[in-house]
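Each chain, written out:
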Amino acid sequence: MLDDIFTTLKQNYNFRVLSHLKHDNCFVYKEGKKLLNLASNDYLALSYDKNLIEEFLDNLKEKYKYFSSSSSRSLSGNFEIYEEFEEYLKMQFQGFEVLHFNSGYHLNLSCIAALASVPKTLFLADKFIHASMVDGLLLGKAHFFRFKHKDIKALENLIQIHYDKYDNIIILSEALFSMDGDFSDLKALCALKQRYKKIKLYIDEAHSVGCFNDNGLGLVKHLGFDKEIDFLVFTFGKAVASMGACIITHKEFKDFFINKARAFIYSTALAPINVAFTLFIFKKMKEFKEKRENLHNLAFLFKEKFAQKKYEILGDAYIISLVLGDNLKALNIAQILENQGFFAPAIKEPTVPKNTARIRFSLHAGLRLDDIERIINIL
Ligand SMILES: Cc1ncc(COP(=O)(O)O)c(C=O)c1O
């Protein structure tokens, strides 16, 4: 039944298989070979920080020692740690409310689908937004248009064409894009919001939370645009080294999502111990200043070395993509890197557009300068 699908995927060098991996700090073992992991989103290198984990477990209160919430938050699953977490973050975003979700995928899927059900709502989406947001648009049968990546003129053009037909126009973007690693033009998006009163901004900070701002509260906060953003999304499976996600939004939208975001309502809430760990990390964010600086310095040096070799690379920060074009080429370079001790698998369509297969280096604060030099020397 599935043979034709598999054959096509294989012919296009695009058949996914799971690697058998053993993890050891920032290394993975694949078929017994030790490889430096450059595919993880553990940007602050917190996930394997044994002291941090010990400190968390040593101080864990009895009331948080639950590995299951055993229910949706809408029923009996609303453990107090959820509200403690939401209150803590709310204090940093005055005038906004916070709602915790099980994952960024659940959050984007269900919040965007819910918003699509509000009459006369149009979404204008950057072409490179994450699949979870696209899936929300599709699930909610949203009215939407996509504009060329970061093309503010094209976006404004769409706003002008459709302005009179809709009551709400929601712009979807990421603060730091996951695949090209570039920053959104937040200043220009906020300026559009000032000019067109029906606009609301929905910004996903999956890849920037933790890594910007002295309290790790992301790029939007770092640049001082937090008052302008109507829906700000944090996910915790990357730099925060935990699991889950939250949306920071106005009170009426929090109430709306509690009532209408189906992944929030119809799924068992994340384990309390997990939420306790997320809160623990947020409370310590100030202490990770040096890690943040290290990460940004490494990224700067990595890009500089690439530039010296006249390689064309993408990335404004610590996600750095070497675009190679066809899948086979990217697979070959990934294999060469693997042979030399680096785990940086090829990224192919549909994760990135066709013919833009690439190696995506996700840097992390645990890397050393000579790791970077060795990578550059291989390429
Ligand atoms: C931009 C973006 N948003 C959302 C998600 C989904 O988050 P989660 O991994 O918590 O489901 C990802 C994950 O890769 C992402 O890159």
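Preceding block: the structure.
Computed from a prediction, not measured in an experiment: that's the story for all the values here.

## Some points on the pattern of salt bridges
With the rule as written, the count across this model stands at 22 salt bridges. Here arginine 368 ties to aspartate 370 by a salt bridge, and the two come within 3.4 Å at their closest N and O atoms. With relative accessibility at 48%, the residue arginine 368 sits in the partly exposed group. Look at aspartate 370 and you get partly exposed, because its relative accessible area is 37%. One connected set of salt bridges, linked through shared partners, spans Arg73, Glu86, Lys90, Glu97 and Lys254.

## Section: the site of the ligand
Contacts to the ligand come from 13 residues, most closely from Gly104, Tyr105, Asp204, His207 and Lys238. Interatomic distance of 2.7 Å between a backbone N/O atom of glycine 104 and an oxygen atom of the ligand. Interatomic distance of 3.4 Å between a side-chain N/O atom of histidine 130 and an oxygen atom of the ligand. For the ligand, the accessible surface in isolation is 390 Å², of which the surrounding protein chains cover 82%. Taken together, the residues of the shell around the ligand break down into two nonpolar, eight polar and three charged.

## A word on the sheet that holds strand S5 (residues 121–126)
Across the sheet, which stays open at both edges, the seven strands sit in the order S4-S10-S9-S8-S7-S5-S6 with mixed pairing between neighbours. Edge positions in the open sheet fall to strand S4 (97–101) and strand S6 (143–147), since each of these has one partner strand only. The average angle at which neighbouring strand axes cross in this sheet is 20°, direction not considered. Examined bridge by bridge, strand S9 (residues 231–235) and strand S10 (residues 245–249) share five bridges and lie antiparallel to one another. If you follow valine 233 over to S10, its bridge partner there is isoleucine 247. Packed on one face of the sheet, helix H7 (residues 186–195) meets strand S7 (168–174) and strand S8 (199–204) and runs near 155° to S8.

## Observations concerning the packing of helix H4 (residues 104–116) against helix H9 (residues 251–260)
Where H4 contacts H9, the axes come no closer than 10 Å and their chain directions differ by 100°. Relative to H9, H4 is oriented roughly perpendicular. Contacts from Cys111, Ala114 and Leu115 in H4 reach Phe253, Phe256, Phe257 and Lys260 in H9. In terms of residue class, the contact of H4 with H9 is made up of six nonpolar, no polar and one charged.

## With respect to the nonpolar core
Residues Phe234, Phe282, Tyr318 and Phe361 are the most contacted members of the largest nonpolar core, which totals 98 residues. In terms of residues, this core owes the most to one element, helix H11 (residues 272–284), which gives eight residues. Split by domain, this core shows at least three residues from each of two domains, domain 1 (8–47 + 288–378) and domain 2 (56–286). If we skip the residues at most four places from it in the chain, tyrosine 318 touches Tyr43, Leu176, His207, Ser208, Cys211, Phe212, Leu295, His296, Ala299, Phe361, Ser362 and Leu363.

## Describing helix H3 (residues 80–92)
An ideal rise of 1.5 Å per residue puts 18 Å on 13 residues; H3 measures up with 19 Å between its terminal C-alpha atoms. Buried-residue contacts for H3 involve S4, helix H8 (219–223), S9, S10, H9 and H11.

## Looking at the side chain of serine 103
Here serine 103 shows up in the loop between S4 and H4. Owing to a relative accessible area of 13%, serine 103 belongs among the buried residues under this scheme. Once residues lying within four places of it in the same chain are set aside, the contact partners of serine 103 are Gly244 and Ala245.

## So, unusual backbone geometry
Glutamate 349 connects to proline 350 through a cis peptide bond whose omega is 0°. Phi at lysine 141 takes a positive value of approximately 45°, unusual for a residue other than glycine. On the secondary structure map, lysine 141 appears in the loop between helix H5 (131–139) and S6.

## A look at the pairing of S9
Within S9, five of the five residues are buried, which leaves it mostly tucked inside the rest of the structure. Of the two faces of S9, the one holding Phe231, Val233 and Thr235 and the one holding Leu232 and Phe234 are both buried throughout. Strand direction decides the pairing type here: S8 and S9, joined by three bridges, are parallel. When the bridges of S9 are listed, tyrosine 202 appears paired with phenylalanine 231.

## Regarding a nonpolar patch on the surface
On the surface, Met1, Leu2, Ile5 and Phe6 cluster together into a nonpolar patch covering about 470 Å² of accessible area. Within the fold, isoleucine 5 resides in helix H1 (residues 3–11).

## Observations concerning the packing of aromatic side chains
We describe a pair of aromatic rings using the distance from one ring centre to the other and the angle between the two ring planes. Under the counting rule described, the total for this entry stands at 24 aromatic pairs. Their ring planes at 75° and their centres at 4.9 Å tell us that phenylalanine 56 and phenylalanine 277 sit as a pair that is edge-to-face. Pair noted here: phenylalanine 56 is in helix H2 (residues 50–58) and phenylalanine 277 is in helix H11, with a separation of 221 residues, a long-range link. There is no split in this pair, since phenylalanine 56 and phenylalanine 277 are both buried. Here the aromatic rings of phenylalanine 302 and phenylalanine 361 are separated by 5.3 Å at their centres, their planes lie at 85°, and the arrangement is edge-to-face. Of this pair, phenylalanine 302 sits in helix H12 (residues 289–308) while phenylalanine 361 sits in strand S15 (residues 357–362); the two residues are 59 residues apart in sequence, bridging distant segments of the chain. When its relative accessible area of 0% is taken as the criterion, phenylalanine 361 is described as buried. An aromatic cluster is defined as three or more aromatic residues linked by ring pairs; in this entry it consists of Phe85, Phe93, Phe234, Phe236 and Phe282. Note that lysine 34 overlies the ring of phenylalanine 27, its terminal NZ or CZ placed 4.3 Å from the centroid. When the ring centre of phenylalanine 93 is taken as reference, the NZ or CZ atom of lysine 221 above it lies at 4.6 Å.

Cut-offs applied
- Residues numbered from 1 in each chain as written.
- Predicted model: local features only at pLDDT ≥ 70, side-chain atom pairs only at ≥ 80, totals over all residues.
- Heavy atoms only, no water.
- Salt bridge = Lys/Arg side-chain N within 4 Å of Asp/Glu carboxyl O.
- Buried < 20%, exposed > 50% of the residue type's maximum accessible area, 1.4 Å probe, protein only.
- Near = heavy atom within 4 Å.
- Polar contact = N/O pair within 3.5 Å; in protein donor to acceptor, adjacent residues only side chain to side chain.
- Areas by Shrake-Rupley, 256 points an atom, 1.4 Å probe, with all protein chains shown as cover.
- Nonpolar A, V, L, I, M, F, W, Y, C, P; charged D, E, K, R; others polar.
- Pairing = 2+ DSSP bridges.
- Helix = DSSP H or I, 4+ residues; strand = E, 2+ residues; numbered from the N terminus.
- Axes fitted to C-alpha atoms, helices over the stretch in contact; angles between N-to-C directions.
- Contact = heavy atoms within 4.5 Å.
- Parallel < 35°, antiparallel > 145°, perpendicular 65-115°, else oblique.
- Core = buried A, V, L, I, M, F, W, Y, C linked by side-chain atoms within 4.5 Å.
- Domains from an automatic or database assignment.
- Expected span 1.5 Å × (residues − 1).
- Patch = residues over 30% accessible without salt bridge, like charges linked within 9 Å, V, L, I, M, F, W, Y side chains within 5 Å.
- Phe/Tyr/Trp six-rings, centres within 6.5 Å; stacked < 30°, edge-to-face > 60°.
- Lys NZ or Arg CZ within 6 Å of the ring centre and 35° of its normal.

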